[in-house]
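Observations on the model geometry
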Amino acid sequence: MKERELVVSKIREGTVIDHIPAGKAFLVLKILRIDEKTKETVSMALNVPSKKMGKKDIVKVEGLFIKEDELNKIALIAPNATINMIKDYEIEKKFKVKLPEIVQGILRCPNKMCISNTKEPITSIFYIKAENGDVIAKCHYCGKKIKKIAEFLI
Ligand SMILES: Nc1ncnc2c1ncn2[C@@H]1O[C@H](COP(=O)(O)OP(=O)(O)OP(=O)(O)O)[C@@H](O)[C@H]1O
Ligand SMILES: [Mg+2]
Ligand SMILES: [Zn+2]
């Protein structure tokens, strides 16, 4: 029965972000600034059964070539994500994101008094650590720790 077939067209050239923790695909779209204005083909799969993860999300974006900053942001919220770069419908390159040890200018400090939040143009700097499965960021300037990373992405 044709109506019952699920057809998601393959992408010719672009990026597949796989092994995203279930529920985090929306955040990945936000990081990639994909919204109702996006013209490229985007597909998203939520709560897909996965041997490794139980359930996972997947995001596929035609014409996307992920930038370093975007990779670092994705690593912070999806430390086990796999990036598949597609060319001519085939996977040209596959790699896992890597949790950066230090990030600059991609997180904002929750501490209003922090020097990184004053009018001076100071780029935020955070040290990143994985603590029993959770990603923790610590401000270089004031020492404030962030546990809910997604809330402080710039
Ligand atoms: N041309 C394409 N368009 C859209 N998605 C693609 C394309 N080629 C591969 N993919 C997707 O990329 C992901 C990785 O594909 P692959 O065939 O390597 O699967 P896998 O063997 O399960 O990989 P992994 O070991 O990383 O889980 C899958 O989600 C697959 O659907
Ligand atoms: Mg797989
Ligand atoms: Zn701070």
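Before reading further, recall that the structure is shown in the block above.
Throughout what follows, the structure given in this document is the object of discussion. Computed from a predicted structure; not experimentally measured.

This part is about a nonpolar patch on the surface. A cluster of nonpolar side chains, F26, M44 and L46, forms an exposed patch at the surface whose accessible area comes to about 280 Å². The class of F26 is exposed, set by a relative accessible area of 53%.

This structure, assessed with the given rule, holds 2 salt bridges. For the salt bridge of K56 with D18, the shortest nitrogen-to-oxygen distance reads 2.8 Å. Of this pair, K56 sits in strand β3 (residues 54-62) while D18 is found in strand β1 (residues 14-21), placing the two residues 38 residues apart along the sequence. Taken individually, K56 and D18 each receive the classification buried, so the pair is uniform in this respect. Among the ionic pairs, K67 bridges to E70, the shortest N-O distance being 3.8 Å.

Turning our eyes to something else, we now look at a positive patch on the surface. On the surface, K129, K138, K145 and K147 cluster together into a positively charged patch. With respect to the element layout, K147 can be found in the segment after β9 (145-146).

Next up on the list: the environment of E120. Tracing the backbone shows E120 in the loop between β6 (102-104) and β7 (125-131). By relative accessible area, E120 is classed as exposed at 53%. Expressed as a C-alpha distance, the spacing of E120 and I58, which sit 62 residues apart in the sequence, is 39 Å.

What counts, and at which threshold
Residues numbered from 1 in each chain as written. Chains lettered and ligands numbered in written order. Predicted model: local features only at pLDDT ≥ 70, side-chain atom pairs only at ≥ 80, totals over all residues. Heavy atoms only, no water. Patch = residues over 30% accessible without salt bridge, like charges linked within 9 Å, V, L, I, M, F, W, Y side chains within 5 Å. Areas by Shrake-Rupley, 256 points an atom, 1.4 Å probe, with all protein chains shown as cover. Salt bridge = Lys/Arg side-chain N within 4 Å of Asp/Glu carboxyl O. Buried < 20%, exposed > 50% of the residue type's maximum accessible area, 1.4 Å probe, protein only. Helix = DSSP H or I, 4+ residues; strand = E, 2+ residues; numbered from the N terminus. Lys, Arg positive; Asp, Glu negative; His and termini not counted. Charge placed at Lys NZ, Arg CZ, Asp CG, Glu CD.

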